[in-house]
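Overview (structure and organization)
Residue strings, one per chain:
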Amino acid sequence: MRYLFALLAFFVVLPAQAALRVVATVPDLAAIAQEVGKDKVKVSALVLSSQDPHFVDARPNLVLDVSAADLLLVVGLELEVGWLPTLVSGARNPKVQTGGAGFLDCSQFVGLMDVPTEKVDRSMGDVHPGGNPHYLYDPRNAIAVAWGIAGKMGALDPSNATSYQNNAKDFIGRLQSSIKGWEQKLSAIRGTQVITYHKSWTYLANWLGFAVPINIEPKPGIPPSPSHIVQVIGTVSSAGVKLVLQEEFYQANTAELVASKSGAKLVRLSGGTAFEKNETYIQHFDTAVTKIAAALGG
Ligand SMILES: [Zn+2]
C-alpha cells in the first residue's frame, strides 16, 4: 500500500513542466521568442502585425496576458510608452514590472540609430524620443536580440537553458544564410533613393544601402501638412526617388499622391511578422524583400 501511495505521489508531483509564459509587445519579438523557446514556452504578442505599435488600445484581455506572464519582452525606446504602462500596472504582476526578473528591454542588444542629440519632448509629437525603435526592420539586429532572449529564458528556466542556447544558435544560422540571400537579391539596387511614410525604415535602409532624403511625416508621429507634402513631392522628383515605403496600417492616400506625382513606386509592407498567423520572422522578410525587389526590378 505504501508503495502504491509512493507511486501515485510520483505521478502527481511530476506533471510535465509548465511552459514559460512569454508575452512580447510586438509580433516580431514574439516570433523571435518562439524560435528560441520552441516547445518550452508559450508565446503571445500584444500587438498584431496589422496595428501601429505606437498607438495600441490597452484592452482588458491584454491585461490578462500580462498578468499571467513569466517574461515580458519589450522593444523599448518609448515605443510602447503610450499603452504598456497601463497594462503592466493593471496586471499587478511584479515579475514583469520594469526592473523585475521577467522584464526584458531588447533595445539594449542593438546599436541604435536616430538617437537625439538634444532632449526631445514627446509632448511635441515626436514619438521616437529615445532613438529609433524600429530596429527589428533590420534582420541583422534579430541576431543579438535572439541571444539576449535566450540568456533571459535560461536565467528564468535554468533546466532548459541549453535548449534555449541551441535553439537560438539554430535560428541565427538560418537567419544568417537568409540574410546573405536577401542581400544578393537586392545587391543591384544599393544606393537607390527611397522615401518612407513613417521614419521606421531607417534600419532597413541602412542595411540595404538605400538613401532616404525625406519622410512623408515631418516628424515621427506627426501627419504631414499640405506644405510638407509639396516639399516631399519636390524632393522625390529632384532626387530621383524610385520607391515609397509604407506600413500597411497607415492610410495610403498621401503616399499614393506622392507616388503618382513623381513616378516613384509605392510599396506597402506589413509592419511586422504575422505571428498570429504562424508566420515566422524569416518568412516575413522573404515577403518584404520579394516585394521590394519586384518594385525596383532587383
Ligand atoms: Zn515609429
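Residues numbered from 1 in each chain as written. Predicted model: local features only at pLDDT ≥ 70, side-chain atom pairs only at ≥ 80, totals over all residues.

A closer look at the overall build of the chain
If you tally the helices and strands in the chain, you get 10 helices and seven strands. Over its C-alpha atoms, taken along the principal directions, the chain stretches across nearly 90 × 40 × 30 Å. With 298 residues in all, the chain has 40% of them scored as buried. Taking the intrachain contacts of the chain between residues at least 6 apart in sequence as the baseline, contacts between residues at least 24 apart amount to 63%. (Helix = DSSP H or I, 4+ residues; strand = E, 2+ residues; numbered from the N terminus. Buried ≥ 20, exposed ≤ 12 C-beta atoms within 10 Å, placed from the backbone. Contact = placed C-beta atoms within 7 Å.)

Overview of the nonpolar core
By size, the foremost hydrophobic cluster in this structure holds 76 residues, and its most contacted members are Val22, Ala24, Ile32, Ala33, Val36, Leu73 and Ile149. Two domains each put at least three residues into this core: domain 1 (18-175) and domain 2 (181-296). Not counting chain neighbours up to four residues away, the residues in contact with alanine 24 comprise Leu29, Ala30, Ala33, Val43, Ala45 and Leu73. (Core = buried A, V, L, I, M, F, W, Y, C linked by C-beta atoms within 7 Å. Domains from an automatic or database assignment.)

Brief notes about the packing of helix H6 (residues 161-185) against helix H10 (residues 281-296)
Between H6 and H10, the shortest axis-to-axis distance is 10 Å and the interhelical angle comes to 5°. Classed by the angle they form, the pair H6 and H10 counts as roughly parallel. Together, Arg174, Leu175, Ser178, Trp182 and Lys185 of H6 and Ile282, Phe285, Val289 and Ala293 of H10 make up the contact between the two elements. Among the residues making up the contact of H6 with H10, the classes are represented as six nonpolar, one polar and two charged. (Axes fitted to C-alpha atoms, helices over the stretch in contact; angles between N-to-C directions. Parallel < 35°, antiparallel > 145°, perpendicular 65-115°, else oblique. Nonpolar A, V, L, I, M, F, W, Y, C, P; charged D, E, K, R; others polar.)

Quick notes on the environment of valine 267
Of note, valine 267 is situated in strand E7 (residues 265-269). Sequence spacing of valine 267 and serine 238 is 29 residues, and the spatial spacing of their C-alpha atoms is 20 Å. When near neighbours in sequence (up to four residues on either side) are disregarded, valine 267 contacts Leu243, Leu245, Lys291, Ile292 and Ala295.

Some words on the sheet that holds strand E2 (residues 41-45)
Spatially, the four strands line up as an open sheet ordered E2-E1-E3-E4, and their pairing is parallel. A single partner strand is all that each edge strand has here, and the edge strands are E2 and strand E4 (103-105). Each strand axis lies, on average, 20° off the axis of its neighbour in the sheet, ignoring direction. Relative to strand E3 (residues 71-74), strand E1 (residues 20-24) runs parallel, the two being bridged by three bridges. Its bridge partner lying in E3, alanine 24 is registered against leucine 73. Lying on the sheet, helix H5 (residues 141-156) is in contact with E1, E2, E3 and E4; it crosses E3 at an angle near 165°. (Pairing = 2+ DSSP bridges.)

Quick look at the domain arrangement of the chain
How big an interface is tends to be stated in terms of the accessible area lost upon association of its parts. By the assigned domains, the chain splits into domain 1 (18-175) and domain 2 (181-296). Each of domain 1 and domain 2 has a C-alpha centre, and the two are 24 Å apart. Listed per partner, the contact involves 30 residues of domain 1 and 25 residues of domain 2. Classifying every residue of the side of domain 1 that touches domain 2 by side-chain character gives 14 nonpolar, nine polar and seven charged.

Quick word on the packing of helix H2 (residues 27-37) against H5
Close contact between H2 and H5 brings their axes to 9 Å; oriented N to C, the two are set at 55°. When the axes of H2 and H5 are compared, the pair comes out oblique. Between H2 and H5 lies a crossing whose hand is right-handed. Contact residues: Ile32, Ala33, Glu35, Val36 and Gly37 in H2; Ala142, Val145, Ala146, Ile149, Ala150 and Met153 in H5. (Left-handed = near helix turned anticlockwise from the far one by under 90°.)

Brief notes about helix H8 (residues 226-239)
For the α-helix, the turn length of 3.6 residues means that residues three or four positions removed from each other point alike. For H8, which comprises 14 residues, the first-to-last C-alpha distance of 20 Å matches the rise-based estimate of 20 Å (1.5 Å per residue) to within 8%. The complete set of buried residues in H8 reads Val232, Ile233 and Val236. Along the axis of H8, the buried residues cluster in a sector spanning 95°; they form a single face. Counted as exposed and oriented over 90 degrees from the buried face of H8: Ser227, Val230 and Ser238. Elements that come into contact with the buried residues of H8 comprise strand E5 (194-196) and helix H9 (253-262). Count one or two residues on from H8 and you reach glycine 240, which has phi positive near 70°. (Expected span 1.5 Å × (residues − 1). Arc of directions from axis to C-beta.)

Digging into the pairing of E3
What you see with E3 is no split at all: Leu71 and Leu73 on one side and Leu72 and Val74 on the other are buried throughout. Here E3 pairs with E4 via three bridges, running parallel. Across the sheet, valine 74 pairs through a bridge with aspartate 105, a residue of E4. Tracing the backbone out of E3, into helix H4 (residues 84-91) and back to the parallel element E4 gives a crossover that is right-handed. (Right-handed = clockwise from strand over helix to strand, strands pointing away.)

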